[in-house]
Amino acid sequence: MRRIFLLLAFCFALIAALSACAKKSFIVVPKFGPYTLVRSWGAIGTGDGQFQGPTDVAIGPSGRLYVADTWNHRIQVFDEAGRYLFQWGDSGSASGQFRSPVQLAIDSDGKVYVADADNQRVEKFASDGTYLTQWGSFGSGDGQFREPDGIAVDASGNVYVADTQNRRLQKFGPDGAYLSQWGGLGRGDGSFEWPCSVAVDDSGYVYVVDGEGLFGEIVDRVQKFTSDGAFVSTWGRYGHGPGQFYDPMDVAVDSHGTVYVGDSMNERVQTFTRTGAYLTTCLPLREREGYGALPTGIAVRPDGAFYVAVRSNGRIQEFAPRE
(Lines give C-alpha, C1' and ligand atoms only; values in the text may rest on other atoms or scores of the structure.)
Protein backbone atom coordinates (compact mmCIF):
# COMPACT_ATOMS: atom_id res chain seq x y z
CA MET A 1 0.00 0.00 0.00
CA ARG A 2 2.76 2.46 0.97
CA ARG A 3 4.77 1.69 -2.16
CA ILE A 4 1.69 2.15 -4.37
CA PHE A 5 0.83 5.44 -2.67
CA LEU A 6 4.35 6.79 -3.02
CA LEU A 7 4.52 5.66 -6.63
CA LEU A 8 1.34 7.64 -7.33
CA ALA A 9 2.76 10.64 -5.48
CA PHE A 10 5.93 10.38 -7.56
CA CYS A 11 3.93 10.17 -10.79
CA PHE A 12 1.90 13.27 -9.92
CA ALA A 13 5.12 15.10 -9.06
CA LEU A 14 6.69 14.06 -12.36
CA ILE A 15 3.64 15.25 -14.32
CA ALA A 16 3.76 18.58 -12.51
CA ALA A 17 7.45 18.94 -13.26
CA LEU A 18 7.02 18.18 -16.96
CA SER A 19 4.10 20.58 -17.32
CA ALA A 20 6.16 23.31 -15.70
CA CYS A 21 9.40 22.59 -17.57
CA ALA A 22 9.30 25.97 -19.32
CA LYS A 23 8.76 27.83 -16.08
CA LYS A 24 11.41 28.93 -13.67
CA SER A 25 11.39 26.79 -10.52
CA PHE A 26 11.01 28.48 -7.18
CA ILE A 27 11.79 27.80 -3.56
CA VAL A 28 9.29 27.89 -0.72
CA VAL A 29 11.31 28.47 2.42
CA PRO A 30 10.01 26.71 5.55
CA LYS A 31 11.20 26.95 9.12
CA PHE A 32 14.13 24.58 9.59
CA GLY A 33 13.98 24.84 13.38
CA PRO A 34 17.45 24.60 14.94
CA TYR A 35 18.98 23.51 11.62
CA THR A 36 20.40 25.20 8.53
CA LEU A 37 19.97 23.86 5.01
CA VAL A 38 23.54 23.36 3.77
CA ARG A 39 22.92 22.01 0.29
CA SER A 40 20.49 20.06 -1.86
CA TRP A 41 21.12 18.04 -4.99
CA GLY A 42 19.47 15.68 -7.43
CA ALA A 43 16.59 15.74 -9.88
CA ILE A 44 14.04 13.27 -11.16
CA GLY A 45 15.69 11.21 -13.86
CA THR A 46 17.95 8.29 -14.73
CA GLY A 47 21.31 10.01 -15.26
CA ASP A 48 24.28 10.16 -12.91
CA GLY A 49 23.23 12.04 -9.78
CA GLN A 50 19.55 11.88 -10.70
CA PHE A 51 16.97 9.81 -8.86
CA GLN A 52 13.63 8.12 -9.18
CA GLY A 53 12.25 7.61 -5.71
CA PRO A 54 15.38 7.81 -3.54
CA THR A 55 14.30 6.02 -0.39
CA ASP A 56 17.31 5.85 1.92
CA VAL A 57 20.77 7.25 2.59
CA ALA A 58 23.71 5.86 4.58
CA ILE A 59 27.19 7.17 5.42
CA GLY A 60 30.29 5.02 5.04
CA PRO A 61 33.39 5.16 7.29
CA SER A 62 35.14 7.40 4.73
CA GLY A 63 32.28 9.90 4.79
CA ARG A 64 30.88 8.91 1.42
CA LEU A 65 27.11 8.99 1.06
CA TYR A 66 25.30 5.96 -0.38
CA VAL A 67 21.79 6.46 -1.78
CA ALA A 68 19.18 3.76 -2.46
CA ASP A 69 17.83 5.01 -5.80
CA THR A 70 14.82 2.75 -5.57
CA TRP A 71 12.99 2.98 -8.89
CA ASN A 72 16.23 3.22 -10.84
CA HIS A 73 17.17 -0.07 -9.13
CA ARG A 74 20.68 1.04 -8.20
CA ILE A 75 22.92 2.44 -5.47
CA GLN A 76 24.58 5.80 -6.13
CA VAL A 77 27.58 7.10 -4.20
CA PHE A 78 28.52 10.73 -3.51
CA ASP A 79 31.17 12.59 -1.55
CA GLU A 80 30.28 14.71 1.49
CA ALA A 81 29.58 17.73 -0.72
CA GLY A 82 27.11 15.84 -2.90
CA ARG A 83 29.42 15.29 -5.88
CA TYR A 84 28.63 12.13 -7.83
CA LEU A 85 31.30 9.40 -7.60
CA PHE A 86 29.97 6.10 -8.96
CA GLN A 87 27.04 3.67 -8.94
CA TRP A 88 26.20 0.01 -9.23
CA GLY A 89 23.20 -2.19 -9.90
CA ASP A 90 20.39 -2.37 -12.42
CA SER A 91 16.96 -3.98 -12.61
CA GLY A 92 16.91 -7.75 -12.24
CA SER A 93 17.22 -10.68 -9.87
CA ALA A 94 20.78 -11.84 -10.58
CA SER A 95 23.54 -11.29 -8.04
CA GLY A 96 24.29 -7.57 -7.78
CA GLN A 97 21.00 -6.54 -9.39
CA PHE A 98 18.00 -5.04 -7.62
CA ARG A 99 14.25 -4.84 -7.72
CA SER A 100 13.35 -1.87 -5.52
CA PRO A 101 16.30 -1.48 -3.15
CA VAL A 102 14.56 0.41 -0.35
CA GLN A 103 17.05 0.75 2.50
CA LEU A 104 20.73 0.18 3.13
CA ALA A 105 23.14 -0.04 6.04
CA ILE A 106 26.93 0.15 6.29
CA ASP A 107 29.10 -1.60 8.86
CA SER A 108 32.30 -0.32 10.49
CA ASP A 109 34.41 -1.91 7.73
CA GLY A 110 32.45 -0.20 4.98
CA LYS A 111 30.49 -3.25 3.84
CA VAL A 112 27.13 -2.24 2.36
CA TYR A 113 23.95 -4.20 3.10
CA VAL A 114 20.94 -3.55 0.86
CA ALA A 115 17.31 -4.51 1.55
CA ASP A 116 16.33 -5.64 -1.95
CA ALA A 117 12.61 -5.59 -1.24
CA ASP A 118 10.98 -7.03 -4.34
CA ASN A 119 13.65 -9.73 -4.68
CA GLN A 120 12.90 -10.71 -1.06
CA ARG A 121 16.55 -10.73 -0.04
CA VAL A 122 19.50 -8.90 1.47
CA GLU A 123 22.57 -8.30 -0.68
CA LYS A 124 26.03 -7.49 0.71
CA PHE A 125 28.69 -5.51 -1.14
CA ALA A 126 32.15 -4.08 -0.63
CA SER A 127 32.31 -0.29 -0.36
CA ASP A 128 33.12 -0.03 -4.09
CA GLY A 129 30.03 -2.04 -5.07
CA THR A 130 31.73 -5.41 -5.52
CA TYR A 131 29.16 -8.12 -4.89
CA LEU A 132 29.93 -10.34 -1.87
CA THR A 133 26.94 -12.45 -0.88
CA GLN A 134 23.17 -12.54 -0.40
CA TRP A 135 20.50 -14.31 1.61
CA GLY A 136 16.75 -14.61 1.76
CA SER A 137 13.82 -15.80 -0.34
CA PHE A 138 10.08 -15.28 -0.37
CA GLY A 139 8.25 -16.85 2.54
CA SER A 140 7.57 -16.76 6.26
CA GLY A 141 10.17 -19.22 7.53
CA ASP A 142 13.36 -18.38 9.38
CA GLY A 143 15.53 -16.26 7.10
CA GLN A 144 12.77 -15.74 4.56
CA PHE A 145 11.08 -12.41 3.81
CA ARG A 146 7.86 -10.84 2.67
CA GLU A 147 8.96 -7.33 1.69
CA PRO A 148 12.14 -6.59 3.68
CA ASP A 149 11.85 -2.80 3.91
CA GLY A 150 14.32 -1.84 6.65
CA ILE A 151 17.88 -2.82 7.53
CA ALA A 152 20.49 -1.90 10.14
CA VAL A 153 23.82 -3.27 11.36
CA ASP A 154 25.22 -3.13 14.91
CA ALA A 155 28.80 -2.67 16.16
CA SER A 156 29.37 -6.45 16.09
CA GLY A 157 28.26 -6.73 12.47
CA ASN A 158 24.89 -8.32 13.22
CA VAL A 159 22.22 -7.39 10.69
CA TYR A 160 18.63 -6.51 11.64
CA VAL A 161 15.93 -6.67 8.95
CA ALA A 162 12.43 -5.23 9.20
CA ASP A 163 10.48 -8.04 7.52
CA THR A 164 7.50 -5.84 6.86
CA GLN A 165 4.65 -8.04 5.67
CA ASN A 166 5.67 -10.84 8.05
CA ARG A 167 5.31 -8.21 10.82
CA ARG A 168 8.57 -9.15 12.47
CA LEU A 169 12.20 -8.21 12.91
CA GLN A 170 14.84 -10.79 11.98
CA LYS A 171 18.45 -10.81 13.19
CA PHE A 172 21.35 -12.31 11.25
CA GLY A 173 25.10 -12.67 11.52
CA PRO A 174 27.33 -10.59 9.22
CA ASP A 175 27.17 -13.18 6.43
CA GLY A 176 23.49 -13.96 6.70
CA ALA A 177 23.35 -16.75 9.27
CA TYR A 178 19.91 -16.65 10.89
CA LEU A 179 20.06 -15.82 14.61
CA SER A 180 16.63 -14.87 15.95
CA GLN A 181 13.41 -12.98 15.38
CA TRP A 182 10.67 -11.19 17.28
CA GLY A 183 7.36 -9.45 16.69
CA GLY A 184 4.14 -10.67 15.14
CA LEU A 185 0.98 -8.94 13.97
CA GLY A 186 -0.62 -6.69 16.58
CA ARG A 187 -0.74 -3.32 18.26
CA GLY A 188 0.54 -4.35 21.66
CA ASP A 189 4.05 -3.80 22.97
CA GLY A 190 6.53 -5.80 20.93
CA SER A 191 4.07 -6.53 18.11
CA PHE A 192 3.95 -4.77 14.74
CA GLU A 193 1.42 -3.55 12.22
CA TRP A 194 3.94 -2.36 9.63
CA PRO A 195 7.62 -2.46 10.67
CA CYS A 196 9.32 -0.51 7.89
CA SER A 197 12.62 0.78 9.27
CA VAL A 198 15.16 -0.17 11.94
CA ALA A 199 18.19 1.46 13.58
CA VAL A 200 20.67 0.38 16.26
CA ASP A 201 22.40 2.75 18.70
CA ASP A 202 25.94 2.49 20.10
CA SER A 203 24.65 0.63 23.16
CA GLY A 204 22.97 -2.02 21.04
CA TYR A 205 19.37 -0.91 21.51
CA VAL A 206 17.16 -1.47 18.47
CA TYR A 207 14.59 1.09 17.29
CA VAL A 208 11.80 0.07 14.91
CA VAL A 209 9.37 2.35 13.08
CA ASP A 210 5.92 0.76 13.11
CA GLY A 211 3.91 2.70 10.56
CA GLU A 212 0.59 2.38 8.77
CA GLY A 213 -0.53 -1.11 7.89
CA LEU A 214 -1.36 -2.65 4.54
CA PHE A 215 -5.11 -2.28 5.12
CA GLY A 216 -5.01 1.17 6.70
CA GLU A 217 -4.27 0.16 10.28
CA ILE A 218 -2.67 3.16 11.97
CA VAL A 219 -0.21 2.81 14.82
CA ASP A 220 2.48 5.35 13.81
CA ARG A 221 5.01 4.78 16.57
CA VAL A 222 8.59 3.91 17.41
CA GLN A 223 9.35 0.82 19.49
CA LYS A 224 12.63 0.21 21.32
CA PHE A 225 14.11 -3.21 22.09
CA THR A 226 17.25 -4.79 23.46
CA SER A 227 19.47 -6.55 20.94
CA ASP A 228 17.81 -9.89 21.76
CA GLY A 229 14.30 -8.53 21.19
CA ALA A 230 13.13 -7.72 24.72
CA PHE A 231 10.67 -4.84 24.59
CA VAL A 232 11.90 -1.65 26.30
CA SER A 233 9.56 1.24 25.44
CA THR A 234 7.42 2.88 22.77
CA TRP A 235 6.39 6.39 21.81
CA GLY A 236 4.30 8.22 19.25
CA ARG A 237 0.81 7.95 17.83
CA TYR A 238 -1.08 9.28 14.82
CA GLY A 239 -1.28 13.06 14.67
CA HIS A 240 0.37 16.27 13.59
CA GLY A 241 1.69 17.71 16.84
CA PRO A 242 5.18 17.37 18.34
CA GLY A 243 5.95 13.72 19.04
CA GLN A 244 3.11 12.50 16.84
CA PHE A 245 3.49 10.88 13.42
CA TYR A 246 1.69 10.47 10.12
CA ASP A 247 3.14 7.47 8.27
CA PRO A 248 6.72 7.53 9.64
CA MET A 249 9.12 5.77 7.27
CA ASP A 250 12.65 5.93 8.67
CA VAL A 251 14.59 6.04 11.93
CA ALA A 252 18.25 6.83 12.60
CA VAL A 253 20.31 7.26 15.77
CA ASP A 254 23.44 9.42 16.15
CA SER A 255 26.47 8.81 18.34
CA HIS A 256 24.91 10.80 21.19
CA GLY A 257 21.77 8.67 21.23
CA THR A 258 19.51 11.24 19.56
CA VAL A 259 16.80 9.49 17.56
CA TYR A 260 15.72 10.94 14.19
CA VAL A 261 12.38 9.93 12.67
CA GLY A 262 11.35 10.63 9.08
CA ASP A 263 7.71 11.63 9.63
CA SER A 264 6.87 11.36 5.95
CA MET A 265 3.28 12.52 5.50
CA ASN A 266 3.80 15.34 8.01
CA GLU A 267 6.74 16.37 5.77
CA ARG A 268 9.22 16.68 8.64
CA VAL A 269 12.03 15.07 10.58
CA GLN A 270 11.54 14.91 14.35
CA THR A 271 14.25 14.22 16.91
CA PHE A 272 13.93 12.56 20.31
CA THR A 273 16.03 11.44 23.22
CA ARG A 274 16.77 7.72 23.38
CA THR A 275 13.87 7.43 25.87
CA GLY A 276 11.41 9.06 23.45
CA ALA A 277 11.24 12.62 24.81
CA TYR A 278 10.57 15.09 21.98
CA LEU A 279 13.43 17.47 21.10
CA THR A 280 13.14 19.27 17.75
CA THR A 281 11.52 19.39 14.31
CA CYS A 282 13.14 20.06 10.94
CA LEU A 283 11.03 20.58 7.82
CA PRO A 284 12.69 19.44 4.57
CA LEU A 285 12.55 21.99 1.78
CA ARG A 286 9.81 22.05 -0.84
CA GLU A 287 11.93 23.04 -3.80
CA ARG A 288 9.63 23.14 -6.82
CA GLU A 289 6.01 23.88 -7.57
CA GLY A 290 3.91 20.74 -7.41
CA TYR A 291 6.42 18.83 -5.28
CA GLY A 292 5.92 17.77 -1.70
CA ALA A 293 8.72 17.00 0.72
CA LEU A 294 8.25 13.46 2.03
CA PRO A 295 11.37 12.42 4.01
CA THR A 296 11.92 8.69 3.62
CA GLY A 297 15.59 8.23 4.59
CA ILE A 298 17.96 9.82 7.13
CA ALA A 299 21.69 9.48 7.77
CA VAL A 300 23.49 11.39 10.55
CA ARG A 301 27.13 12.41 10.50
CA PRO A 302 29.32 12.44 13.64
CA ASP A 303 29.30 16.26 13.65
CA GLY A 304 25.51 16.37 13.96
CA ALA A 305 24.78 17.24 10.34
CA PHE A 306 22.36 14.91 8.60
CA TYR A 307 21.17 13.98 5.12
CA VAL A 308 17.53 13.45 4.15
CA ALA A 309 16.27 11.52 1.13
CA VAL A 310 13.20 13.41 -0.10
CA ARG A 311 11.64 10.72 -2.21
CA SER A 312 8.87 12.74 -3.85
CA ASN A 313 11.32 15.47 -4.91
CA GLY A 314 14.04 13.17 -6.20
CA ARG A 315 16.45 15.12 -3.98
CA ILE A 316 18.98 14.70 -1.20
CA GLN A 317 19.10 17.54 1.35
CA GLU A 318 21.80 18.19 3.93
CA PHE A 319 21.11 20.00 7.22
CA ALA A 320 23.47 21.14 9.96
CA PRO A 321 22.79 22.42 13.49
CA ARG A 322 22.64 26.20 13.75
CA GLU A 323 25.68 27.70 15.43
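Residues numbered from 1 in each chain as written. Predicted model: local features only at pLDDT ≥ 70, side-chain atom pairs only at ≥ 80, totals over all residues. Heavy atoms only, no water.

1. A few points about the overall build of the chain
In terms of helices and strands, the chain carries one helix and 24 strands. Across the 323 residues in the chain, those meeting the buried criterion constitute 61%. Considering only contacts within the chain whose residues lie at least 6 apart along the sequence, 49% involve residues at least 24 apart. In the structure as shown, the chain presents an accessible area of about 12,500 Å², 52% of it carried by carbon and sulfur atoms. (Helix = DSSP H or I, 4+ residues; strand = E, 2+ residues; numbered from the N terminus. Buried < 20%, exposed > 50% of the residue type's maximum accessible area, 1.4 Å probe, protein only. Contact = heavy atoms within 4.5 Å. Areas by Shrake-Rupley, 256 points an atom, 1.4 Å probe, with all protein chains shown as cover.)

2. Overview of the pairing of strand β16 (residues 218-225)
The buried fraction of β16 is high, at seven of eight residues. Where strand β15 (residues 206-212) lies against β16, six bridges are found, and the strand directions are antiparallel. Bridge pairing in β16 places Val209 opposite Val222. Bridge analysis of β16 against strand β17 (residues 231-235) gives four bridges, and the strand direction is antiparallel. The residue of β17 that forms the bridge with Phe225 is Phe231. Connecting the antiparallel pair β16 and β17 is a turn made up of five residues, with Gly229 showing a positive phi of about 95°. (Pairing = 2+ DSSP bridges.)

3. Notes on the sheet that holds strand β12 (residues 168-172)
The antiparallel open sheet is built from four strands, whose spatial order is β10-β11-β12-β13. Because the sheet does not close on itself, it has two edges, and the strands there are β10 (148-153) and β13 (178-183). The mean inter-strand angle of the sheet, taken between neighbouring strand axes irrespective of direction, is 20°. With five bridges joining them, β12 and β13 adopt antiparallel strand pairing. Bridging across to β13, Arg168 finds its partner in Gly183. (Axes fitted to C-alpha atoms, helices over the stretch in contact; angles between N-to-C directions.)

4. Comments concerning the packing of aromatic side chains
The full count for this structure, using the stated rule, is 24 aromatic pairs. Between Trp41 and Tyr307, the ring centres sit 6.2 Å apart and the planes meet at 75°, which makes this aromatic pair edge-to-face. With a gap of 266 residues between them, Trp41 in strand β1 (residues 35-41) and Tyr307 in strand β23 (residues 306-310) connect regions that are remote in the sequence. Site record: aromatic cluster; members linked through ring pairs are Tyr66, Phe86, Trp88, Phe98, Phe125 and Tyr131. Between Lys224 and the ring centre of Tyr205, over which it is positioned, the NZ or CZ distance is 4.6 Å. (Phe/Tyr/Trp six-rings, centres within 6.5 Å; stacked < 30°, edge-to-face > 60°. Lys NZ or Arg CZ within 6 Å of the ring centre and 35° of its normal.)

5. Here's the deal with the sheet that holds strand β20 (residues 268-272)
To summarise the sheet geometry, strands pair through backbone hydrogen bonds and adopt either a parallel or an antiparallel arrangement. With antiparallel pairing, four strands are arranged side by side in an open sheet as β18-β19-β20-β21. A single partner strand is all that each edge strand has here, and the edge strands are β18 (248-253) and β21 (278-282). Here the strands of the sheet are splayed against their neighbours by 20° on average, with no regard to which way each runs. Relative to β21, β20 is paired through four bridges, and the arrangement is antiparallel. Bridge pairing links Thr271 to Thr280 in β21.

6. Quick word on the confidence of the model for the chain
Residues with a pLDDT of 70 or more make up 87% of the chain, whose mean pLDDT is 89. For residues 4-31, every residue scores under 50 in pLDDT, and the model assigns this stretch 31 contacts once sequence neighbours within four places are set aside. (pLDDT = per-residue confidence, 0-100.)

7. Notes on unusual backbone geometry
You will see that Gln120, though not glycine, has its phi angle at about 55°, which is positive. When you line up the elements, Gln120 lands in the loop between β7 (112-116) and β8 (121-125). Phi at Asp247 is positive, roughly 60°, even though this residue is not glycine. By the element assignment, Asp247 lies in the loop between β17 and β18.

8. A closer look at the side chain of Arg168
Relative to the helices and strands, Arg168 is located in strand β12. Engagement of the side chain of Arg168 in a polar contact is seen with the backbone oxygen of Ser140, the distance being 3.0 Å. For Arg168, the side chain forms a polar contact with the main-chain oxygen of Gly141, separated by 2.8 Å. (Polar contact = N/O pair within 3.5 Å; in protein donor to acceptor, adjacent residues only side chain to side chain.)

9. As for the environment of Thr130
Among the secondary structure elements, Thr130 is positioned in the loop between β8 and β9 (131-135). A C-alpha to C-alpha distance of 8.1 Å links Thr130 and Gly96, two positions 34 residues apart in sequence. Look past the residues within four positions of Thr130 in its chain and what remains in contact with it is Lys124 and Phe125.

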